[in-house]
Amino acid sequence: MQDADIINGLTGDYKQRAYFEKQLYLQYKYFIDEGCRKYQFLYEDSFSAYSDAVLAAIHNIVNNRFDNRYSLKTYLFQIFHNKCVDHLRKITNNKQQVYKSAATPELLSHLPEAAKNVIEKLIDQEKISRVSQYLEAIGDKCKEILLLSADGYTDKQIAEKLGYNNAAVTKTTRLRCREKLNNYLLRYE
C-alpha cells in the first residue's frame, strides 16, 4: 500500500481510520523481528516498542506533524528505533537498581537462622503490601488484567472476559500495565 493512501486513510472517518491503522501496523510488522535481532530483545519487548511506535506515528499523522520529508517506513522505523533505545536505557537503569540492593542478602547471611527467617518473612510481607498499593495506584483496569494474567488466564481469555476486541489488544494493554507496575516498583524500591 502506498504512503499517501495510508496517510489519507488515517485522516478519514473512524471506520476508514481503523482500517488504515491496521494496514500501517501490518505493513511494517517485520520491524518486531528486527528489534529482536538488532537489540536482542524478547519478542514482547520488541512488540511493545513497535506498538508504541505505530501509535506515535498515527498520532503525529492525524495531528499534521508528519511533513512527508521521509517515507512512512523511514519515519516509523526512526520512531521504533527511538523506542528501542529508550527500552535499552530502562533495562540498564533497572540493572543498576538491582546491584544497589544486593547488600541485603549479604547482611542476612551474618544473622542466626531463626532471625534470618523472621526478617525474610517481614521483607516478603512488606513487598506484598507495596505491590498491593501499587496495584491500586495503576488503576482498576490494569489491576484486573494483571491479576487475571497472574491467575493463568491467557490474553484471549482476558479479552473475552473484559470485552477487549482481541488478544493482541489485551496483550498490549497487559504489557503497558505491567510496565506501569514495574515503574512503581523501581521508583519506590
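On a predicted model such as this, the values are computed, not experimentally measured, just so you know. (Residues numbered from 1 in each chain as written. Predicted model: local features only at pLDDT ≥ 70, side-chain atom pairs only at ≥ 80, totals over all residues. Heavy atoms only, no water.)

A.B. asks: What is the right way to read the nonpolar core from this model?
C.D. replies: For soluble globular proteins, the rule of thumb is that nonpolar side chains tend to be buried together. Counting residues in each nonpolar core, the largest one holds 27 residues, and the members touching the most others are Leu10, Leu24, Tyr50, Val54, Leu76 and Phe80. Those elements that place two or more of their residues in this core are helix H1 (3-10), helix H2 (14-27), helix H3 (31-39), helix H4 (43-62) and helix H5 (72-100). With eight residues, the top contributor of residues to this core is H4. Ignoring anything within four residues of it in the chain, the contact list for Leu24 reads Ile6, Leu10, Tyr50, Val54, Ile58, Leu72 and Leu76. Counting residues in hydrophobic clusters, the runner-up holds seven residues, among them Leu135, Ile138, Leu146 and Cys177. (Core = buried A, V, L, I, M, F, W, Y, C linked by side-chain atoms within 4.5 Å. Buried < 20%, exposed > 50% of the residue type's maximum accessible area, 1.4 Å probe, protein only. Helix = DSSP H or I, 4+ residues; strand = E, 2+ residues; numbered from the N terminus. Contact = heavy atoms within 4.5 Å.)

A.B. asks: Even after reading the chapter, I still don't get H1, so can you show me in this structure?
C.D. replies: One turn of an α-helix holds 3.6 residues; hence residues three or four places apart share an orientation. For H1, the complete set of buried residues consists of Ile6, Ile7, Gly9 and Leu10. Viewed end-on, H1 has its buried residues packed into an arc of 165°, placing them on one side of the element. (Arc of directions from axis to C-beta.)

A.B. asks: Explain the packing of H2 against H4 to me, please; I cannot follow it from the model alone.
C.D. replies: Helix-helix packing is characterised by the crossing angle of the two axes and by the distance between the axes. Axis separation between H2 and H4 bottoms out at 10 Å; the angle between their running directions is 135°. Compared by their axis directions, H2 and H4 come out oblique. Remark: the crossing between H2 and H4 carries right-handed chirality. The residues of H4 that touch H2, namely those facing Arg17, Glu21, Leu24 and Tyr25, are Phe47, Tyr50, Ser51, Val54, Ile58 and Val62. Here the contact of H2 with H4 is built from residues that sort into seven nonpolar, one polar and two charged. (Axes fitted to C-alpha atoms, helices over the stretch in contact; angles between N-to-C directions. Parallel < 35°, antiparallel > 145°, perpendicular 65-115°, else oblique. Left-handed = near helix turned anticlockwise from the far one by under 90°. Nonpolar A, V, L, I, M, F, W, Y, C, P; charged D, E, K, R; others polar.)

A.B. asks: I tried to follow the state of the cysteines on my own but got confused; where do I start?
C.D. replies: Tallied over the entire structure, the rule returns one disulfide. A disulfide bridge connects Cys142 with Cys177, and the sulfur atoms are separated by 2.1 Å. Judged by the sign of its S-S torsion, about -65°, the bond between Cys142 and Cys177 is left-handed. You can see Cys142 sitting in helix H8 (residues 140-150) and its partner Cys177 sitting in helix H10 (residues 167-188), a full 35 residues away along the chain. (Disulfide = S-S within 2.5 Å.)

A.B. asks: What am I meant to see in unusual backbone geometry here?
C.D. replies: Excluding glycine, a negative phi dihedral is what most residues carry, and trans is how most peptide bonds are arranged. The phi dihedral of Gln40 falls on the positive side, at around 55°, and the residue is not glycine. Here Gln40 lies in the loop between H3 and H4. Phi at Asn64 takes a positive value of approximately 55°, unusual for a residue other than glycine. Structurally, Asn64 is set in the loop between H4 and H5.

A.B. asks: Where do I start with the packing of aromatic side chains in this structure?
C.D. replies: For any two aromatic rings, the description comes down to two numbers: the centre-to-centre distance and the angle of the planes. All chains considered together, the criterion is met by 13 aromatic pairs. Measuring from ring centre to ring centre gives 6.3 Å for Tyr43 and Phe47, while their planes differ by 20°; the resulting arrangement is stacked. Of this pair, Tyr43 and Phe47 are both found in helix H4, four residues apart, which corresponds to roughly one turn of the helix. Among the residues examined, Tyr43 registers a relative accessible area of 38% and is labelled partly exposed. Taken together, Tyr25, Tyr28, Tyr30, Phe31, Tyr50, Phe77 and Phe80 form an aromatic cluster joined through their ring pairs. Looking at Lys171, its charged tip hangs above the ring of Phe47, at a distance of 5.1 Å from the centre. (Phe/Tyr/Trp six-rings, centres within 6.5 Å; stacked < 30°, edge-to-face > 60°. Lys NZ or Arg CZ within 6 Å of the ring centre and 35° of its normal.)

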